[in-house]
Amino acid sequence: MLGLAACSSVNNYVPNFVKPYRADIQQGNWLTQEQVELLRPGMTREQVRFALGSPTLTSIFHSDRWDYPYLFTPGNGQTEERRFTVYFANDRLERWAGDEQPARQPFQQKDTRKALGTATPQAATPSNAPLTVDGNVASPSLDPGAAPAVATPVAPPPPPAASPSGDAVPAQPATTTKE
């Protein structure tokens, strides 16, 4: 008995890299506040299913009630649990109750990466910038803070030549022949 009690207290002092991996377990429906705000009294069951998704729990004993539980058990950390229930009367939404739902889906959480330096773009002047074959300004460096490449304006095509009768002559496509 003393040996087992000692093992459980030693577990608190063991570093995480020695402990086995424990996967996160997510069960149920993740609802957002935006989905809950779509609900209106008098909605049909199909409209509620469209707004919230299919219910996780439906009971034959409580046919006028849909439950949307959510349980998240991380490998390490606190368990998160939320409940949400909708109630129907004569196949129309009567009311709903439950825990406050988050504003975002898990994949929509705020991006915590550091923002790149905000450099103000400098105007590139085509007169001193080297041109590429297609007439676009070449970027002088690979520096992401450098000014963006600026395209040079292209002149519109010349108008079609007029025939002696005054009608416009359609342009003939260029043909190449093999010799």
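Before going into details, it helps to say that this report is about the structure given with it.

Reading the values: the criteria
Residues numbered from 1 in each chain as written. Predicted model: local features only at pLDDT ≥ 70, side-chain atom pairs only at ≥ 80, totals over all residues. Heavy atoms only, no water. Salt bridge = Lys/Arg side-chain N within 4 Å of Asp/Glu carboxyl O. Buried < 20%, exposed > 50% of the residue type's maximum accessible area, 1.4 Å probe, protein only. Pairing = 2+ DSSP bridges. Helix = DSSP H or I, 4+ residues; strand = E, 2+ residues; numbered from the N terminus. Axes fitted to C-alpha atoms, helices over the stretch in contact; angles between N-to-C directions. Phe/Tyr/Trp six-rings, centres within 6.5 Å; stacked < 30°, edge-to-face > 60°. Lys NZ or Arg CZ within 6 Å of the ring centre and 35° of its normal. Core = buried A, V, L, I, M, F, W, Y, C linked by side-chain atoms within 4.5 Å. Contact = heavy atoms within 4.5 Å.

As for the pattern of salt bridges
For the structure shown, the criterion picks out six salt bridges. Between arginine 65 and aspartate 67 there is a salt bridge; the shortest N-O distance is 3.2 Å. A salt bridge links glutamate 81 to arginine 83, with the nearest nitrogen and oxygen atoms 2.8 Å apart. With relative accessibility at 46%, the residue glutamate 81 sits in the partly exposed group. Judged by its relative accessible area of 52%, arginine 83 falls in the exposed class. Through salt bridges with shared partners, a single ionic network connects Arg45, Asp64 and Asp91.

Some thoughts on the sheet that holds strand E3 (residues 65-67)
Ordered by their spatial adjacency, four strands build an open sheet running E2-E3-E6-E7, and the pairing between neighbours is antiparallel. Whereas interior strands pair on both sides, the edge strands pair on one side only; in this sheet they are strand E2 (57-58) and strand E7 (92-98). Bridging between E2 and E3 involves two bridges; their strand directions are antiparallel. Of the residues in E3, the one forming a bridge with leucine 57 is aspartate 67.

Observations regarding the sheet that holds strand E1 (residues 25-28)
On the basis of which strands lie adjacent, the open sheet formed by three strands has the order E1-E4-E5 and antiparallel pairing. Each edge of the sheet is formed by a strand with only one pairing partner; in this case those strands are E1 and strand E5 (80-82). For this sheet, the mean inter-axis angle between neighbouring strands, taken without regard to orientation, is 5°. Of the strand pairs in this sheet, E1 and strand E4 (residues 70-73) are connected by four bridges, and their pairing is antiparallel. By the bridge assignment, glutamine 26 is partnered in E4 with phenylalanine 72.

Section: the packing of aromatic side chains
Tallied over the entire structure, the rule returns two aromatic pairs. Each ring, one from tryptophan 30 and one from tyrosine 70, has its centre 5.0 Å from the other, and the planes form 85°; the classification is edge-to-face. Highlighted residues: tryptophan 30 in the loop between E1 and helix H2 (33-37) and tyrosine 70 in strand E4, separated in sequence by 40 residues. Of the two residues, tryptophan 30 and tyrosine 70, both sit in the buried class. With a centroid separation of 4.9 Å and an interplanar angle of 70°, the aromatic rings of tryptophan 66 and phenylalanine 88 are classed as edge-to-face. Of this pair, tryptophan 66 sits in strand E3 while phenylalanine 88 sits in strand E6 (residues 84-89); the two residues are 22 residues apart in sequence, bridging distant segments of the chain. With respect to burial, tryptophan 66 and phenylalanine 88 carry one shared label: buried. The ring centre of tryptophan 30 lies 4.5 Å from the NZ or CZ of arginine 82, which sits over that ring.

Structural notes on the nonpolar core
Grouped together as the largest cluster of nonpolar side chains are 13 residues, with contacts concentrated most on Leu39, Val48, Leu52, Tyr68, Phe84, Val86 and Leu93. Those elements that provide at least two residues to this core are helix H3 (45-52) and E6. Non-local contacts of valine 86, meaning those with residues more than four positions away in its chain, are made with Leu39, Val48, Leu52, Asp64, Arg65, Trp66, Tyr68, Leu93, Arg95 and Trp96.

Some words on the pairing of E7
Where E6 meets E7, six bridges bridge the pair, whose relative direction is antiparallel. Its bridge partner lying in E7, threonine 85 is registered against alanine 97. Where E6 folds back on E7, the antiparallel hairpin that results is connected by two residues, among which asparagine 90 adopts a positive phi of roughly 55°.

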